[in-house]
Amino acid sequence: MKKFVLIALGLLAAGISATAGEKVFALATAGDVEAALAERVRVRLEENAGVVVRPAAALAVEPGQSLEAIGRAAAKTLGENDHGIIVLARPADDQPQGVCLPHERFAALNVAKLEAGADAEHVERRAVQEGLRVMSMLLKMAPCPFPLCVLVGYEKVEDLDQMSGNYCPPCLDRFTRYAREAGLRTIDPLAAEAALAAEAVPAAEPAPAAEEAAPAAEAAAPAVE
Ligand SMILES: [Zn+2]
């Protein structure tokens, strides 16, 4: 424990590692996708996942550009504090419903496919569900076998309407833990407080001086597991 804390503080001091708790997800649109829809989806992703999702600049779709290429272009816009980017895209051609490449830190969702047989309300709900699914993938979480969870496997886009709109409690716990380990900024004040309280205690004992110098968020930084 002591070693971890000291090493982490050393890295922070050297500026090698980003400050923990500062990473965010970015959400962009590409092609003909309403900014208002993206904003509603962004807010609901924050509410459901408890991490910050920042709005990113809209991207153009080039003729014949694949969904994967759109996602890759979006990944090029990633900022220093972005963990990954989610794109609500309308590709020009027929493309898959979604592409998520965690190692390239992007997920592109095909709004045209999400619209199949759905009214506006359901399109938004499906986009939130798919957003939550790819956010878990971008944190390298496994799917969930629990039927009442948004991370359960499904076949057709219509199946989403019968599924939960959120993570099941164990998945939410896991998501929160993975998010914290990835240095993501959480937005649930109670959860954030509890996490800091839980992690600040062991860090405080071996290095009281460092604890004073470092804000609580940094003291909670090292992945102690
Ligand atoms: Zn689950």
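What you see is a predicted model, and the numbers here were worked out from it, not measured in a lab.

Observations regarding unusual backbone geometry
- Positive phi is not limited to glycine here, since R105 has a value of about 60°.
- Of note, R105 is situated in the loop between β4 (98–101) and β5 (106–110).
- Phi angles above zero are rare outside glycine, and K140 is one such case at about 60°.
- With respect to the helices and strands, the residue K140 is situated in the loop between α5 (120–138) and α6 (169–181).
- Overall, K140 belongs to the exposed group, its relative accessible area being 58%.

Quick look at the pattern of salt bridges
- As enumerated under the stated definition, the model contains 14 salt bridges in all.
- A salt bridge links R42 to E39, with the shortest nitrogen-to-oxygen separation between them at 2.8 Å. Here the residue R42 and the residue E39 both occupy positions in helix α2 (residues 35–49), the gap between them amounting to three residues, near one helical turn.
- Of the residues examined, R42 reaches a relative accessible area of 12% and is grouped as buried.
- Here D82 and R54 are joined by a salt bridge, their closest N and O atoms 2.7 Å apart. Note that D82 is positioned in strand β3 (residues 82–89) and R54 in strand β2 (residues 53–55), a separation of 28 residues in sequence.

Considering the packing of α2 against α5
- For the pair α2 and α5, the least separation of the axes is 9 Å and the interaxial angle reads 50°. It follows that α2 is oblique to α5 by the angle criterion. Considering only the axes of α2 and α5, their crossing is right-handed. Counted together, L37, R40, V41, R44, L45, N48 and A49 of α2 and E124, R125, A127, V128, G131, L132 and M135 of α5 form the full contact between these two elements.
- Split by residue class, the contact of α2 with α5 holds eight nonpolar, two polar and four charged.

Let's talk about α5
- The end-to-end C-alpha distance of α5, which contains 19 residues, comes to 26 Å, matching closely the 27 Å that a straight helix rising 1.5 Å per residue would cover.
- With 14 of its 19 residues buried, α5 lies for the most part within the structure.
- At the exit of α5 stands K140, carrying a positive phi of roughly 60°.

Reading the values: the criteria
- Residues numbered from 1 in each chain as written.
- Predicted model: local features only at pLDDT ≥ 70, side-chain atom pairs only at ≥ 80, totals over all residues.
- Heavy atoms only, no water.
- Helix = DSSP H or I, 4+ residues; strand = E, 2+ residues; numbered from the N terminus.
- Buried < 20%, exposed > 50% of the residue type's maximum accessible area, 1.4 Å probe, protein only.
- Salt bridge = Lys/Arg side-chain N within 4 Å of Asp/Glu carboxyl O.
- Axes fitted to C-alpha atoms, helices over the stretch in contact; angles between N-to-C directions.
- Parallel < 35°, antiparallel > 145°, perpendicular 65-115°, else oblique.
- Left-handed = near helix turned anticlockwise from the far one by under 90°.
- Contact = heavy atoms within 4.5 Å.
- Nonpolar A, V, L, I, M, F, W, Y, C, P; charged D, E, K, R; others polar.
- Expected span 1.5 Å × (residues − 1).

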